[in-house]
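# Reading the structure
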There are 2 protein chains.
Amino acid sequence: MHDPILHLIRLLTRLPGVGERSATRIVFSLLAGERELARDLSAAILDVAEHVHLCSECCNLSQQDPCSLCADPKREQDMICVVETVPDMMAVERSKAYHGRYHILHGALAPLEGITPEKLKVRELLQRLQRTDVRELILATNPTVEGESTALYLRKLLASVPGLRITRIATGIPKGGDLEFIDRATLAQALEARREI
Amino acid sequence: MHDPILHLIRLLTRLPGVGERSATRIVFSLLAGERELARDLSAAILDVAEHVHLCSECCNLSQQDPCSLCADPKREQDMICVVETVPDMMAVERSKAYHGRYHILHGALAPLEGITPEKLKVRELLQRLQRTDVRELILATNPTVEGESTALYLRKLLASVPGLRITRIATGIPKGGDLEFIDRATLAQALEARREI
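This one's a predicted model, so the numbers in the text were calculated from it and none came from an experiment.

### A look at the domain arrangement of chain A
Domain annotation for chain A reports domain 1 (4-51) and domain 2 (76-177 + 185-189). Look at where the C-alpha atoms of domain 1 of chain A and domain 2 of chain A centre, and you get two points 34 Å apart.

### Quick notes on the sheet that holds strand β6 (residues 165-168) of chain B
Hydrogen bonding along the main chain pairs the strands of a sheet, whether they run parallel or antiparallel. Residues and elements named next belong to chain B. Reading across the sheet, the 4 strands line up as β4-β3-β5-β6 and stay open at both edges, with parallel pairing between neighbours. With partners counted over all chains shown, the strands left at the sheet margins are β4 (101-104) and β6, one partner each. Between one strand and the next, the sheet's axes are offset by a mean angle of 25°, whatever the strand orientation. As judged from the 4 bridges shared by strand β3 (residues 79-83) and strand β5 (residues 136-139), these two strands associate in the parallel manner. Within β5, the position partnered with Met79 by the bridge is Glu136. Across the face of the sheet, helix α5 (residues 86-95) comes into contact with β3 and β4 while running at roughly 160° to β4. Across the sheet, helix α6 (residues 122-131) lies against β3, β4 and β5, angled at about 150° from β4, the strand it touches most.

### Topic: the interface of chain B and chain A
In this complex, chain B contributes 43 residues to the contact, which on the side of chain A involves 43 residues. Counting the surface lost from both chain B and chain A, the interface buries some 4,100 Å², and carbon and sulfur atoms represent 75% of this. Across the contact surface, chain B and chain A share 7 residue pairs in polar contact (both at pLDDT 80 or more). When contributions to the side of chain B that touches chain A are tallied by element, the ones reaching two or more residues are α1 (4-12), α2 (20-31), α3 (36-51) and α5 of chain B. Element by element, the count of residues in the side of chain B that touches chain A is highest for α3 of chain B, at 13 residues.

### Examining the packing of aromatic side chains
Residues and elements named next belong to chain A. Following the criterion strictly, the structure yields 2 aromatic pairs over all chains and no others. Ring centres of Tyr98 and Tyr102 lie 5.2 Å apart, and the angle between their planes is 65°; on these two criteria the pair is classed as edge-to-face. Its relative accessible area of 9% is what places Tyr98 among the buried residues. Accessibility expressed as a relative area gives 2% for Tyr102, which makes it buried.

### What about the relation of the copies chain B and chain A?
In the superposition of chain B on chain A (RMSD 0.1 Å, axial shift 0.0 Å), the rotation amounts to 180°. This pairing of chains is accounted for by a two-fold axis. Measuring from the rotation axis to each C-alpha of chain B, the shortest distance belongs to Ser42 of chain B, at 2.1 Å. Looking at the interface residues of chain B, 100% of them are also at the interface in chain A, so both copies use one shared face.

### Looking at the pattern of salt bridges
Within this structure, the stated rule accounts for 18 salt bridges over all chains. A salt bridge links Glu50 of chain B to Arg39 of chain A; the nearest nitrogen and oxygen atoms lie 2.8 Å apart. Placement of the pair is Glu50 of chain B in helix α3 and Arg39 of chain A in helix α3 (residues 36-51), with the two residues belonging to separate chains. When its relative accessible area of 33% is taken as the criterion, Arg39 of chain A is described as partly exposed. Its salt-bridge partner being Glu93 of chain B, residue Arg75 of chain B comes within 2.8 Å of it at the nearest N-O pair. Here Arg75 of chain B, found in the loop between α4 (68-71) and β3, pairs with Glu93 of chain B, found in helix α5; they are 18 residues apart in sequence, far enough to count as distant. Judged by relative accessible area, Glu93 of chain B falls into the partly exposed class, the value being 25%. Bridged by salt links that share partners, the residues Glu57, Arg128 and Arg131 of chain A form one connected network.

### With respect to the sheet that holds strand β6 (residues 165-168) of chain A
All names here are of chain A. Spatially, 4 strands are ordered β4-β3-β5-β6 in an open sheet, and the strand pairing comes out parallel. The open sheet has two edge strands, β4 (101-104) and β6, and neither has a second partner. Adjacent strand axes in the sheet meet at a mean angle of 25°, parallel and antiparallel pairs treated alike. The pairing of strand β3 (residues 79-83) with β4 spans 4 bridges and is parallel. Its bridge partner being in β4, Ile80 is matched across the sheet by Arg101. Running at roughly 160° to β4, helix α5 (residues 86-95) makes contact with β3 and β4 of the sheet. Strand contacts of helix α7 (residues 145-158): β3, β5 (136-139) and β6, with the helix running at about 170° to β6, the strand carrying the most contacts.

Rules and cut-offs
The written sequence of each chain sets the order in which its residues are numbered from 1. Chain A is the first chain written and ligand 1 is the first ligand written, with later ones labelled in order. Note on the predicted model: pLDDT of at least 70 is required for a residue's local features to be given, and 80 or more for side-chain atom pairs to be given and counted; whole-chain, interface and lining totals, by contrast, use all residues. Only hydrogens and water are removed before side-chain values are computed, so all heavy atoms of the structure are retained for them. Domains are outlined according to an automatic or database domain assignment. By definition, two strands form a pair when at least two bridges between them are found by DSSP. Here a helix means four or more residues in a row that DSSP labels H or I, a strand means two or more in a row labelled E, and each is numbered from the N terminus. Only the stretch in contact is used when fitting a helix axis, every axis being a line fitted to C-alpha atoms; angles between N-to-C directions are given from 0 to 180 degrees. Residue contacts are defined here by distance: any two heavy atoms, one from each residue, within 4.5 Å place the two residues in contact. Buried area: the sum, over both parts, of the accessible surface (1.4 Å probe) that disappears when the two are put together. Think of a polar contact as two N or O atoms within 3.5 Å of one another; within protein, one of them needs to be a possible hydrogen donor and the other a possible acceptor, and neighboring residues in sequence only count if both atoms come from side chains. Only rings of Phe, Tyr and Trp enter the pairing, Trp through its six-membered ring, and a pair is recorded when the two centres are within 6.5 Å. The plane angle decides the type: under 30 degrees is stacked, over 60 is edge-to-face, the rest tilted. When a residue's accessible area, from a 1.4 Å probe over protein chains only, is under 20% of the maximum for its type it is buried; when over 50% it is exposed; and in between it is partly exposed. Alignment of the copies relies on least squares applied to C-alpha atoms, considering only residues that score at least 70 for pLDDT in both. Any carboxyl oxygen of Asp or Glu within 4 Å of a side-chain nitrogen of Lys or Arg constitutes a salt bridge here.

Set out below in C-alpha cells:
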C-alpha cells in the first residue's frame, strides 16, 4: 500500500545533504501540531518549480526574464562577472564590491564526471559577448581544480574577442586569516601575488 | 517584491537541522535541470499534511483510522508498548522482537519546557486502558532524564489499574559495545541489572 509518510521520506533523501534520519525528523516535525508550515512549503516548492526559470541574458534563476539584476539600469553594462552558481553570485553581491552584470555557468568543468563545456552555459556567454559590448570579464569561478580549469578554458576561448579584458579574482590569505593555519598552496600563491604597499 | 527562491529558503530553514546554507543548496538542486522532483515533493508534502492524522487508538500517524498496526488482527491485542515518538516505534518494529500494539506519547515529560502530561497522549492511554483488556504495558520511553521521568510518572499513574503488568525496557551495554567506551551511568546500570546465566 502507498504510505504517504514513507514516500515523502524517500523523496526528501534525494535532496543534497538529507539522509534517511534527517528526512524522518523533517517529516515528523511537519506533522507535529499545526500543518501550516507543510502547506506553505508545498506551495513554495511548486511555486519555484513552475515560475523560476533561467534569465535569457545571464542564466540567473529568476521568475522574470530578464532577471532583476539584468533589468537594473544602474548596474554597469560592460562588465560581466562569471561565476559557477547562483549562490556564488549571491556571495559576490553580499560583498557589495561589484556593480556590474553576472553570467552564471551552472557548474565548473569536470570532464571525468561528464561536465564538458557543452553542459555549462558557455555558448550563452559567447552569444552574449557577440551581441553586447563588454569591456571586462571577471572570471570568478572558485579557486578549486575545476574552477581554475574552467577559468583557464574560458580565457583561451575568449582570448580573441576584440577589446575584452579578461581578469581573474585574486587568491590569497582570507581577511582575518592566520598564516599558521593557511594551506601551503594558498600561502605560496599569496607570496607570489605580493604587491607593493 | 516577493522572491519565490528566498521565500522557499526561509521556509526550509524552519525545518529541524536545516540551516540557511543547506536550504540554499536544496533549493538550487531542486531548480537544476528537471523540475520533476520539486513537483513530486510539493505533492507529497501536501499529501501528508492533508491525509495523515493521529490513529484514534494508538496515536500513530497514519492515513487510515485505525492505523494499519491497530487494524492488524495478528498483533497481540493485550500488550501495549509505550514509546515517545513514531520513529521510536519504527525502531522497535525494525527489531522484529515485538508483536503487540503501541501507544505513541508524542514526546516526553519536560516540565521546564512546558511539556506536562496534558501535552502528551496520556489521557488517550488512560481511556484506552479503560476500554481494552491489556495484560502488559511496556514502557519504552528513552533512557534519558525526560524518558525516565515519563516512565516513572506513568508507572505511578497506572499502578492501580487492576491486572496490568507494567514493565520497562532494559538499559545496559549495547550489543557490540565496548566496556572501555561506555559511559559510567550505563555501566553501573548494567552491573546492577546483571542476570544469572
